[in-house]
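Here are the chains, one letter per residue:
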Amino acid sequence: MPALEAVGTAGRRKKMGKIDSAVAGSRQKLKKELVRFFLSFVIAALLVAVCGTLKVHAASFSVDLGSGVAEEGSGMLDVLLLFAILALLPSFLVMMTSFTRIIIVLSFLRNALGTQQSPPNQVLVGIALVLTLFIMTPTLERINTEAYEPYRQGQVDGREALQLASVPIKEFMVKQIRTEDLSLFLSISGEELDQSQGESLEALVALDLKVILPAFITSELKKAFYIGFYIFLPFLIIDIVVSSTLMSMGMMMLPPSMISLPFKIMTFVLVNGWERLFSSLVSGFH
């Protein structure tokens, strides 16, 4: 009986210990939630105070962004527009430039080599950004000359500047769009080309961006996958040769990728693979 009582006492102590630890954990969580609530309350109060101050001084508040035209009340709209552009800039970079095709091709090349995480993702993104900047430089220069400079000098307003800036971007995208992709999204949207101009560059640029952008993305994906297919072929042949050699030698337990990896790297370096790939990507956009 004493032994049973001791066991029961030990069980009750364990249960009490678990209850105490649960209570302590709940107290810590409650403290964290109270701290978060307090911080949220302080931040909300500060935002309300700032918004109230901006509302009081809205008539006299203005920010000069170099537009050349400083009207009352336009500064806040310029700041909001600037933040919106900065937030959407990564999406514009991916969808409306050569970045999509380049980064997909580089990813295919890494998978074909079988080097796992070498080059790492940061390096691939950096290479894609550098090549994108190199390819898009003429378009960016046109945007600067035709849209930004007139806007900065006060010759046009923000809406007209955006329309002028969209023309070089549309021309760049239209030159890369495949005919069947453009026809697909034209049929989906219900729009038609101007029959008087045919399929000239002016008629294609006059199309809405909601048609040009998805057609451009579709064409870029197709071209990137075509290039990836041709990149895989020579490395696939090396893998097949190495696998057949190992099978004929009876080395079935040895992974073929371990043996073929040095040969693929050596072959890629000897044929100047990076130079050929970069030159093909850049020339493909011209």
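Just so it is clear, the structure is predicted and the values come from calculations on it, not from any experiment. (Residues numbered from 1 in each chain as written. Predicted model: local features only at pLDDT ≥ 70, side-chain atom pairs only at ≥ 80, totals over all residues. Heavy atoms only, no water.)

Asker: Help me out: how do you make sense of the pattern of salt bridges in this one?
Answerer: Pairing is possible between side chains that carry opposite charge, provided their charged atoms lie close to one another. Within this structure, the stated rule accounts for 8 salt bridges. As a salt-bridge pair, Arg 101 and Glu 220 come within 2.7 Å of each other at their nearest N and O atoms. On the criterion of sequence distance, the pair formed by Arg 101 in helix α3 (residues 99-113) and Glu 220 in helix α8 (residues 209-248) is long-range, its members being 119 residues apart. In this structure, Arg 101 and Glu 220 share a single accessibility class: buried. Salt bridges linked by common partners bring Arg 178, Glu 180, Asp 181 and Lys 222 together as one network. (Salt bridge = Lys/Arg side-chain N within 4 Å of Asp/Glu carboxyl O. Helix = DSSP H or I, 4+ residues; strand = E, 2+ residues; numbered from the N terminus. Buried < 20%, exposed > 50% of the residue type's maximum accessible area, 1.4 Å probe, protein only.)

Asker: Can you walk me through α8 in this structure?
Answerer: Note that an α-helix has 3.6 residues per turn; residues three or four places apart therefore point the same way. In this model, α8 (40 residues) spans 58 Å end to end at C-alpha, consistent with the 58 Å of a helix rising 1.5 Å per residue. The sharpest bend along α8 measures roughly 30° and falls at Leu 233, with the proline Pro 234 sitting one to four residues further on. Downstream of α8 by one or two residues, Gly 250 has phi in the positive range, about 80°. (Expected span 1.5 Å × (residues − 1). Bend = angle between axes of the 7 residues up to and from the residue.)

Asker: Sorry, what's going on with the packing of α3 against helix α4 (residues 121-152) here?
Answerer: Geometrically, a packed helix pair is captured by the angle between its two axes and the distance between the axes. Packing of α3 against α4 leaves a shortest axis separation of 9 Å and a crossing angle of 140°. Where α3 crosses over α4, the handedness of that crossing is right-handed. Where α3 abuts α4, its residues Phe 99, Ile 102, Ile 103, Leu 106 and Arg 110 lie against Asn 121, Leu 124, Val 125, Ile 127, Ala 128, Leu 129, Leu 131, Thr 132 and Ile 135. Of the residues assigned to the contact of α3 with α4, the class counts are 11 nonpolar, 2 polar and 1 charged. (Axes fitted to C-alpha atoms, helices over the stretch in contact; angles between N-to-C directions. Left-handed = near helix turned anticlockwise from the far one by under 90°. Contact = heavy atoms within 4.5 Å. Nonpolar A, V, L, I, M, F, W, Y, C, P; charged D, E, K, R; others polar.)

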